[in-house]
Amino acid sequence: MTTTLGAAWALDWMRRAQRAMSENRIDLIELDRAIGDGDHGENMDRGFTAVVARLEPPLGDVAEVLRTVAAALMSTVGGAAGPLYGTAFLRASKAATGELDGVGVADVLAAALEGIVARGRATVGEKTMVDAWSPAALAARGLAEGGAAPAGVLRAAAAAAAAGARATESMLATKGRASYLGERSAGHRDPGAQSSALLLAAAADAAEALP
């Protein structure tokens, strides 16, 4: 099993993320239409299509890939998602030092979460993408500190993010456009949490595909 992740993994992650956003575009639109303005799926599809177009090898390391992703998302994704995801990837790029072992992966995910929290000023339980990223970062840290390989760390993070996204269905939104619905926001999954879960699943898939 691969013990470190480099630029090849990060590039494959983004290609897989683009496919995931394209394949789930309609689902994300429908989730956002229920509690937002309905553009999240379109924005994420457009954003990651732009990301892949900018990621022309060779790119030297994971940090360079993540910086490129941040710039692409900030310039092409509308609404709140662009600044949130852009800040997440920018912070993540600063935490990525060389090739990533399990602890390095956990550091990158923690930095991404910190960026989202700083930009969105949201906390766990407010029905936002933080509800996917926070459990993902915690799960990653737990496995990394136990010596797990990066693929295992990412798979645990992805599973935790998916569970976190599902958990937003019962929450009342207290941030963003969805908060205007009050109690009517309950019963719907947060689209940002769902796209976050898709993104982290793509990261785990890319790691597991390495020889």
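The structure displayed is predicted, hence computed values, not measured ones.

**Some thoughts on the side chain of N43**
For N43, the position within the fold is in helix α3 (residues 40-54). Of the polar contacts made by the side chain of N43, one reaches the side chain of R46; its length is 2.5 Å. Contact partners of N43, with chain neighbours within four places excluded, come to V77, G78 and G79.

**Notes on the packing of helix α6 (residues 102-120) against helix α8 (residues 150-167)**
Two elements in contact, α6 and α8, have axes separated by 8 Å at closest approach and are oriented at 35°. Of the two elements, α6 crosses α8, and the hand of that crossing is right-handed. Every residue of α8 that contacts α6 at G102, V105, A106 and L109 is listed here: P150, V153, L154 and A157. Classifying every residue of the contact of α6 with α8 gives seven nonpolar, one polar and no charged.

**Observations concerning the packing of helix α1 (residues 7-23) against α3**
Two elements in contact, α1 and α3, have axes whose closest approach is 8 Å; the angle formed by their N-to-C orientations is 155°. Relative to α3, the element α1 is oriented roughly antiparallel. The handedness of the crossing between α1 and α3 is left-handed. Packed against α1, whose contacting residues are M14, R15, A17, Q18, M21 and S22, the element α3 presents M44, D45, F48, T49, V51 and V52 at the interface. Of the residues that constitute the contact of α1 with α3, the class distribution is seven nonpolar, three polar and two charged.

**Topic: α3**
An α-helical turn contains 3.6 residues, so any two residues separated by three or four positions project in the same direction. With 15 residues, α3 should cover 21 Å at 1.5 Å per step; its first-to-last C-alpha distance of 21 Å lies within 8% of that length. All buried positions along α3 are accounted for by H40, G41, N43, M44, D45, G47, F48, A50 and V51. For α3, the secondary structure elements touched by its buried residues are α1, α2 (25-35), α4 (62-76), α5 (81-95) and α9 (191-208).

**Focus: the packing of aromatic side chains**
How two aromatic rings sit relative to each other is given by the distance of their centres and the angle of their planes. All chains considered together, the criterion is met by two aromatic pairs. Relative to F89, the ring of W13 has its centre 5.7 Å away and its plane inclined at 45°; by these criteria the two rings are tilted. On the criterion of sequence distance, the pair formed by W13 in helix α1 and F89 in helix α5 is long-range, its members being 76 residues apart. A single burial state applies to W13 and to F89, both of which are buried.

What counts and how
Residues numbered from 1 in each chain as written. Predicted model: local features only at pLDDT ≥ 70, side-chain atom pairs only at ≥ 80, totals over all residues. Heavy atoms only, no water. Helix = DSSP H or I, 4+ residues; strand = E, 2+ residues; numbered from the N terminus. Polar contact = N/O pair within 3.5 Å; in protein donor to acceptor, adjacent residues only side chain to side chain. Contact = heavy atoms within 4.5 Å. Axes fitted to C-alpha atoms, helices over the stretch in contact; angles between N-to-C directions. Left-handed = near helix turned anticlockwise from the far one by under 90°. Nonpolar A, V, L, I, M, F, W, Y, C, P; charged D, E, K, R; others polar. Parallel < 35°, antiparallel > 145°, perpendicular 65-115°, else oblique. Expected span 1.5 Å × (residues − 1). Buried < 20%, exposed > 50% of the residue type's maximum accessible area, 1.4 Å probe, protein only. Phe/Tyr/Trp six-rings, centres within 6.5 Å; stacked < 30°, edge-to-face > 60°.

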